[in-house]
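Commentary on secondary and tertiary structure
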Amino acid sequence: MRRIVAYAIASLDGSIDDPNRLFPAEVDPDEPHPPTFDDVLVEQEAALIGRQDAVLLGRRTYDAWARYWPTSDVQPFADFINGVRKHVVTSTPLDVPWDGAEAVTGPVADVVRDLKARPGRDVGVHGSIELARSLLAEDLVDELHLAVAPVLDPEGRRLFDGLPQLRRLTLVHSTPTPTGALWLVYRPR
């Protein structure tokens, strides 16, 4: 059976709204700055997406990404997201075309159950904050991957805001990086 695997880039205090704030692509080496997304994080992300053959996206993420990723050369994610099957949770037709995208409707638990019953590899949840929150709230995430920047960020939304109850997770794997970041993998207990 397929697994639902959520992935987020976060600050130590849980901000996930702007990954470029946490791991800026371009930095002035003479100024203090958070770390860039280092080689260890790139390897971890490549391994994660290498186990996925589909993604589940929220509508807002889809609309933004369908305008950005088809012309992006940011690797390894660009080749992955442009080539993978994209299931978009929405109640309206998709306005912006993107290869491999299809709208899916209905209760999120039913959508997840249907995707997990199909043959294939893991289904990723990337960048879709509200969708990831609802999946976590309904206990529908099989594995959670966090790329954690060693920064505190008072701005932005938090992935775990609004959970209806305490959730216990088991740490499966942690990888520190040379720049002080962490790649954390959790599963529900």
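Residues numbered from 1 in each chain as written. Predicted model: local features only at pLDDT ≥ 70, side-chain atom pairs only at ≥ 80, totals over all residues. Heavy atoms only, no water.

**A word on the pattern of salt bridges**
Side-chain pairs of opposite charge can arise where the charged atoms are in close proximity. To keep things clear, this is the line we draw: Any carboxyl oxygen of Asp or Glu that lies within 4 Å of a side-chain nitrogen of Lys or Arg is treated as forming a salt bridge with it. Numbering of helices and strands starts at the N terminus; helices are DSSP runs of H or I of at least 4 residues and strands are runs of E of at least 2. Here the term buried applies to any residue with accessible area under 20% of the maximum for its type, exposed to any over 50%, and partly exposed to those in between, with areas from a 1.4 Å probe on protein chains only.
Within the structure shown, the criterion is met by 14 salt bridges. Across the pair E143 and R3 runs a salt bridge, and its minimum N-O distance is 2.9 Å. Here E143, found in strand 6 (residues 143–149), pairs with R3, found in the segment before strand 1 (4–11); they are 140 residues apart in sequence, far enough to count as distant. A residue is classified by how much of its surface remains accessible, and E143, at 3% relative accessible area, is buried. The class of R3 is partly exposed, set by a relative accessible area of 24%. One network of salt bridges, with partners in common, ties together R3, D122, E143 and R187.

**Let's talk about the confidence of the model for the protein**
Detailed conclusions should not be drawn from predicted coordinates in areas where pLDDT is low. For clarity, the cut-off: Confidence scores per residue from the predictor, reported as pLDDT, run from 0 to 100.
The share of residues in the protein with pLDDT of 70 or more is 95%, and the mean pLDDT across the chain is 92. No element of the protein has a lower mean pLDDT than helix 1 (residues 19–22), at 81, and none a higher one than strand 7 (residues 169–176), at 98.

**Brief notes about the nonpolar core**
Heads up, the condition is: The nonpolar core is taken to be a set of buried Ala, Val, Leu, Ile, Met, Phe, Trp, Tyr and Cys residues, with the residues joined through side-chain atoms within 4.5 Å.
The biggest cluster of nonpolar side chains holds 27 residues, and the ones touching the most others in it are L56, V112, V125, L135, L146 and L159. Taken together, the elements giving at least two residues each to this core come down to strand 1, strand 2 (52–58), helix 5 (108–117), strand 5 (122–126), helix 6 (129–137) and strand 6. L57, Y62, A66 and V84 belong to the second largest nonpolar core, which has 15 residues in total.

**Details of the sheet that holds strand 4 (residues 101–104)**
Sheets are built from strands paired through backbone hydrogen bonds, the pairs being either parallel or antiparallel. For the record, the criterion: If DSSP finds at least two bridges between two strands, the strands pair. Only the contacting stretch of a helix is used when fitting its axis, a line to C-alpha atoms as for every element, and angles between N-to-C directions run 0 to 180 degrees. Only heavy atoms matter for contacts: two residues are in contact if any of them lie within 4.5 Å across the pair.
An order of 4-3-2-5-1-6-8-7 is seen for the 8 strands of this open sheet, with the pairing classed as mixed. Either end of the sheet is taken by a strand with one partner, and the two such strands are strand 4 and strand 7. Averaged over neighbouring strand pairs, the angle between their axes works out to 25° when direction is ignored. When strand 6 meets strand 8 (residues 182–188), the two strands line up antiparallel, connected through 5 bridges. What sits directly across from A147, in strand 8, is W183. Sitting on the sheet, helix 2 (residues 39–50) is in contact with strand 1, strand 2, strand 5, strand 6, strand 7 and strand 8, with an inclination near 35° to strand 8. Against the sheet, helix 5 contacts strand 1, strand 2, strand 3 (85–89), strand 4 and strand 5, and its axis sits at roughly 170° relative to strand 2.

**Observations regarding helix 6**
Among the residues making up helix 6, those that are buried are I129, L131, A132, R133, L135 and L136. Two residues or fewer past helix 6, D139 is found with a positive phi of approximately 60°.

**Topic: the environment of V84**
Within the fold, V84 resides in the loop between helix 4 (77–83) and strand 3. Overall, V84 belongs to the buried group, its relative accessible area being 6%. V84 sits 39 residues away from V123 along the chain, and the two C-alpha atoms are 9.9 Å apart.

**Side note on unusual backbone geometry**
Going from Q75 to P76, the amide bond is cis rather than trans, its omega being 10°. Relative to the helices and strands, P76 is located in the loop between helix 3 (59–68) and helix 4.

**What to know about the packing of aromatic side chains**
Formally: Any pair of Phe, Tyr and Trp rings, taking the six-membered ring for Trp, is counted once the centres come within 6.5 Å. Such a pair is stacked with planes under 30 degrees apart, edge-to-face with planes over 60 apart, and tilted for the rest.
Under the counting rule described, the total for this entry stands at 8 aromatic pairs. Seen from their ring centres, Y7 and W183 are 5.2 Å apart, and the 25° between their planes marks the pair as stacked. Taken together, the positions of Y7 in strand 1 and W183 in strand 8 put the pair 176 residues apart, joining distant regions of the chain. A relative accessible area of 8% means that Y7 is categorised as buried. Since its relative accessible area comes to 0%, W183 is described here as buried.

**Concerning the side chain of Q52**
Along the chain, Q52 turns up in strand 2. Exposure remark for Q52: the relative accessible area of 2% places this residue in the buried category. Apart from residues lying up to four places away in sequence, Q52 is in contact with V5, F80, R121, D122, G124 and H126.

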